[in-house]
Amino acid sequence: MYFLSCFTFYKSNIVLLKYAGRYFMLFVLLGGCMRQKCDDCLNQPAGSAFFPTEVGRFVEYNVREEAYTLDGSVAVRQYQLKEVVAERYTDPTGKATYRIARFRRSAEGQRWQADSTITLRLLTDHAVRNENGKDYVKMLFPPAEMNVWNGNLYNNAGEDNYELKNVNKPYTSGTTTFDQTATVIQQNDSTLVNQDKRVEVYAAEVGLVYRERIQLQFCSSSPACVGKAKIDFGTRQYFRFKTAGKE
């Protein structure tokens, strides 16, 4: 059930393992892939509950984007996004795949316009979502506190370890509180010269309810601006749950 985290661990330590004895290898693999305990196992939702796949199910979001440029200007865009499970089909490898249609509009009351298409695959021990032509491992199953895995396992973007936190905890997005959620920390790194923060929160029987992506480059051209968090360029993006239902 924990193949992905085990595989990532093994891959990153392959040189060490090559020269270790067979008993040491067995100890490392079993110890490194130990299952994390849940706080309330009896009421723990299955991993697939965080990725509803019923055709017709939808979630709407309020989205805010901020783009910073070197000339000091900031472009702010606000719009609404809607994701609908459009169909289920079988991919060439025989796995069930769900096509999720995305729609977009500038403000409440306007007609939805087709935006893009993404896909979702729920495998035995993980969820894979294809965004912008790349597969990302969004979560390991069953969800467990502090699970770590390589989100880029199926693409060539380089290793990027995600961590699961606040499993089965409540979370409030806007005016809505969800009783059972799980937070995926894709990255949360900040230095004197840059910030890379990517967080996603999933609610059981709903799906994604919050997304935060911050990638900023801070001023480092002179000693006077270093450490002042003065933004040179970059982006901030926030998805906030608006409503959900079935068409």
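Keep in mind that this is a model prediction, so the values were computed, not measured.

Caption draft 1: Looking closely at the sheet that holds strand E1 (residues 57-68). With respect to topology, twelve strands assemble into an open sheet ordered E6-E5-E4-E3-E2-E1-E12-E11-E10-E9-E8-E7, the strand pairing being antiparallel. At either margin of the open sheet sits one strand with a lone partner, and together these are strand E6 (134-140) and strand E7 (148-150). Averaged over all pairs of adjacent strands, the angle between their axes in this sheet comes to 25°, without regard to strand direction.

Caption draft 2: Representation of the side chain of Asp135. Tracing the backbone shows Asp135 in strand E6. Side chain to side chain, Asp135 and Asn130 meet in a polar contact 2.9 Å long.

Caption draft 3: Local environment of unusual backbone geometry. Look at the link from Phe141 to Pro142: it is a cis peptide, with omega at -10°. With respect to the helices and strands, the residue Pro142 is situated in the loop between E6 and E7. Unusually for a residue other than glycine, Asn132 sits at a positive phi of about 55°. Turning to its location among the elements, Asn132 is positioned in the loop between strand E5 (126-131) and E6.

Caption draft 4: Broad picture of the nonpolar core. Formed by 42 residues in total, the largest nonpolar core has its most connected members in Phe51 and Met139. Of all the elements, strand E11 (residues 207-218) adds the most residues to this core, at six residues. Setting aside its immediate chain neighbours within four residues, Met139 contacts Phe50, Phe51, Asp125, His126, Ala127, Trp149, Leu164, Ala182, Val184 and Tyr202.

Caption draft 5: Just the state of the cysteines, in detail. Within this structure, the stated rule accounts for one disulfide. Disulfide pairing is shown between Cys219 and Cys225; the S-S distance is 2.1 Å. An S-S torsion of about -75° defines the bridge between Cys219 and Cys225 as left-handed. Given a relative accessible area of 7%, Cys219 falls into the buried group.

Caption draft 6: Structural context of the pairing of strand E12 (residues 231-246). With twelve bridges connecting them, E1 and E12 associate as antiparallel partners. Paired with Val59 across the strands is Ala244, a residue of E12. Pairing geometry for E11 and E12, over nine bridges, is antiparallel. What sits directly across from Phe218, in E12, is Ile231.

Caption draft 7: How the structure looks around the confidence of the model for the chain. Per-residue confidence for the chain averages 86 on the pLDDT scale, and 82% of its residues sit at or above 70. Confidence over residues 7-35 falls short of pLDDT 50; this stretch has 14 contacts with residues more than four positions distant or in other chains.

Caption draft 8: Spatial organisation of the pattern of salt bridges. Overall, the coordinates contain 23 salt bridges when judged by the stated rule. A salt bridge links Glu200 to Lys138, with the nearest nitrogen and oxygen atoms 3.1 Å apart. With a gap of 62 residues between them, Glu200 in strand E10 (residues 194-203) and Lys138 in strand E6 connect regions that are remote in the sequence. Looking at Glu200, the relative accessible area reads 1%, which means it is buried. By relative accessible area, which is 2% here, Lys138 ends up buried. The salt bridge involving Arg211 is made with Glu200; its shortest N-O contact spans 3.0 Å. Linking Arg211 in strand E11 with Glu200 in strand E10, this pair joins segments that are eleven residues apart in sequence. Judged by relative accessible area, which is 2%, Arg211 ranks as buried. Via salt bridges that share partners, Glu83, Arg102, Arg129, Glu131, Lys138, Glu200, Arg211 and Arg213 belong to a single interconnected network.

Parameters at a glance
- Residues numbered from 1 in each chain as written.
- Predicted model: local features only at pLDDT ≥ 70, side-chain atom pairs only at ≥ 80, totals over all residues.
- Heavy atoms only, no water.
- Pairing = 2+ DSSP bridges.
- Helix = DSSP H or I, 4+ residues; strand = E, 2+ residues; numbered from the N terminus.
- Axes fitted to C-alpha atoms, helices over the stretch in contact; angles between N-to-C directions.
- Polar contact = N/O pair within 3.5 Å; in protein donor to acceptor, adjacent residues only side chain to side chain.
- Core = buried A, V, L, I, M, F, W, Y, C linked by side-chain atoms within 4.5 Å.
- Buried < 20%, exposed > 50% of the residue type's maximum accessible area, 1.4 Å probe, protein only.
- Contact = heavy atoms within 4.5 Å.
- Disulfide = S-S within 2.5 Å.
- pLDDT = per-residue confidence, 0-100.
- Salt bridge = Lys/Arg side-chain N within 4 Å of Asp/Glu carboxyl O.

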